[in-house]
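# Structural description and commentary
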Amino acid sequence: MSTDKKTKEESLERKAFRSKGLKEGEDDVRVYLMEPYNVRGKDRLLCFVSEHTLYPMTVVFNEKKWSLEKRFSEFAELDSQLDEAFKSDDDIVLPEFPPKKFFGSLSPALIKERREKLEKYMKSLVSDKEVFKCLPLREFLETPDIVGNDKHKEYDFGRR
């Protein structure tokens, strides 16, 4: 098989799963948040065991896919870093970040609402080409250009 034909077939295969409307050479970036879950820590505050929620997500970056788990505080730190990076750029409007709650942060209703808002927030960030170029976002998502190609195991979407 000729090299040109093989490259064209690979390109067609890649396009089959790419987001619609992308031009050749543009990054295809998608983020999907999965069902969050609570984790009990070993630390104690007075007589209470520490507990926090992890938000698992799948990241698709061109032909690579991987899973991550982040705490709400890590999303909040990313938001602070992006605010700082784009504070003097009037052309960039960052999406609204879900508010922080000090009490009741482990309630199932709040966790569900946060997951939905975090997913909307992340999808908005990765859909903006200028924001996606920002190093803190790429570090947060652990893109292969930042952490290397061997960092993530391939994630199977169950395509048939």
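Residues numbered from 1 in each chain as written. Predicted model: local features only at pLDDT ≥ 70, side-chain atom pairs only at ≥ 80, totals over all residues. Heavy atoms only, no water.

### A look at helix H2 (residues 72-86)
Taking 1.5 Å per residue as the helical rise, H2 with its 15 residues ought to reach 21 Å, and the 21 Å between its terminal C-alpha atoms agrees with that figure. Along H2, the residues classified as buried are Phe-72, Phe-75, Ala-76, Leu-78, Asp-79, Leu-82 and Phe-86. Buried residues of H2, viewed axially, fall in a sector of 155°; they line one side. (Helix = DSSP H or I, 4+ residues; strand = E, 2+ residues; numbered from the N terminus. Expected span 1.5 Å × (residues − 1). Buried < 20%, exposed > 50% of the residue type's maximum accessible area, 1.4 Å probe, protein only. Arc of directions from axis to C-beta.)

### What to know about the side chain of Arg-138
In this fold, Arg-138 is placed in helix H5 (residues 135-141). Its relative accessible area of 11% is what places Arg-138 among the buried residues. The contacts of Arg-138, once residues within four sequence positions are left out, are Asp-27, Phe-61, Phe-132, Lys-133, Thr-143, Asp-145 and Ile-146. (Contact = heavy atoms within 4.5 Å.)

### Observations regarding the confidence of the model for the protein chain
Chain-level pLDDT for the protein chain is 79 on average; 69% of the residues reach the 70-or-more range. Note on residues 1-16: pLDDT under 50 across the span, and eight contacts to partners over four residues away in sequence or across chains. (pLDDT = per-residue confidence, 0-100.)

### What about the packing of H2 against helix H3 (residues 108-127)?
Two quantities define a packed helix pair, namely the angle between the axes and the distance from one axis to the other. At a minimum axis distance of 12 Å, the contact between H2 and H3 shows a crossing angle of 35°. For the crossing formed where H2 meets H3, the hand is left-handed. In this structure, H2 contributes Phe-72, Phe-75, Leu-78, Asp-79 and Leu-82 to the contact, and H3 contributes Arg-114, Leu-118, Tyr-121, Met-122 and Leu-125. Of the residues that constitute the contact of H2 with H3, the class distribution is eight nonpolar, no polar and two charged. (Axes fitted to C-alpha atoms, helices over the stretch in contact; angles between N-to-C directions. Left-handed = near helix turned anticlockwise from the far one by under 90°. Nonpolar A, V, L, I, M, F, W, Y, C, P; charged D, E, K, R; others polar.)

### Quick notes on the nonpolar core
The biggest cluster of nonpolar side chains holds 30 residues, and the ones touching the most others in it are Leu-33, Phe-75, Leu-82, Met-122, Leu-125, Leu-137 and Leu-141. Where this core is concerned, the elements lending two or more residues are strand S1 (29-33), strand S3 (48-61), strand S4 (64-71), H2, H3, helix H4 (129-132) and H5. In contact with Leu-82, not counting residues within four places along its chain, are Leu-94, Tyr-121, Leu-125, Cys-134 and Leu-137. (Core = buried A, V, L, I, M, F, W, Y, C linked by side-chain atoms within 4.5 Å.)

### Here's the deal with the packing of aromatic side chains
The tally for this structure, following the rule as stated, stands at five aromatic pairs. Relative to Phe-97, the ring of Phe-72 lies with its centre 5.3 Å away and its plane at 35°, an arrangement referred to as tilted. Linking Phe-72 in helix H2 with Phe-97 in the loop between H2 and H3, this pair joins segments that are 25 residues apart in sequence. In this structure Phe-72 comes out as buried when scored by relative accessible area, which is 6%. Phe-97 sits in the buried class, given a relative accessible area of 16%. Each member of the aromatic cluster is reached from another via a ring pair, and the members are Tyr-55, Phe-75 and Phe-140. The ring of Phe-140 carries Lys-70 above its face, with NZ or CZ at 4.7 Å from the centroid. (Phe/Tyr/Trp six-rings, centres within 6.5 Å; stacked < 30°, edge-to-face > 60°. Lys NZ or Arg CZ within 6 Å of the ring centre and 35° of its normal.)

### Considering the environment of Val-59
Residue placement: Val-59 occurs in strand S3. The spacing of Val-59 and Arg-30 is 29 residues in sequence and 5.8 Å in space, taken between C-alpha atoms. If we ignore the near neighbours within four places in the chain, the residues touching Val-59 are Arg-30, Lys-64, Lys-65, Trp-66, Leu-68 and Leu-141.

### As for the pattern of salt bridges
Considering all chains together, one arrives at eight salt bridges under this definition. As a salt-bridge pair, Lys-133 and Glu-130 come within 3.0 Å of each other at their nearest N and O atoms. For Glu-130, a relative accessible area of 42% puts it in the partly exposed group. Taking the shortest distance from any N to any O, the salt bridge between Arg-138 and Asp-145 comes out at 2.9 Å. (Salt bridge = Lys/Arg side-chain N within 4 Å of Asp/Glu carboxyl O.)

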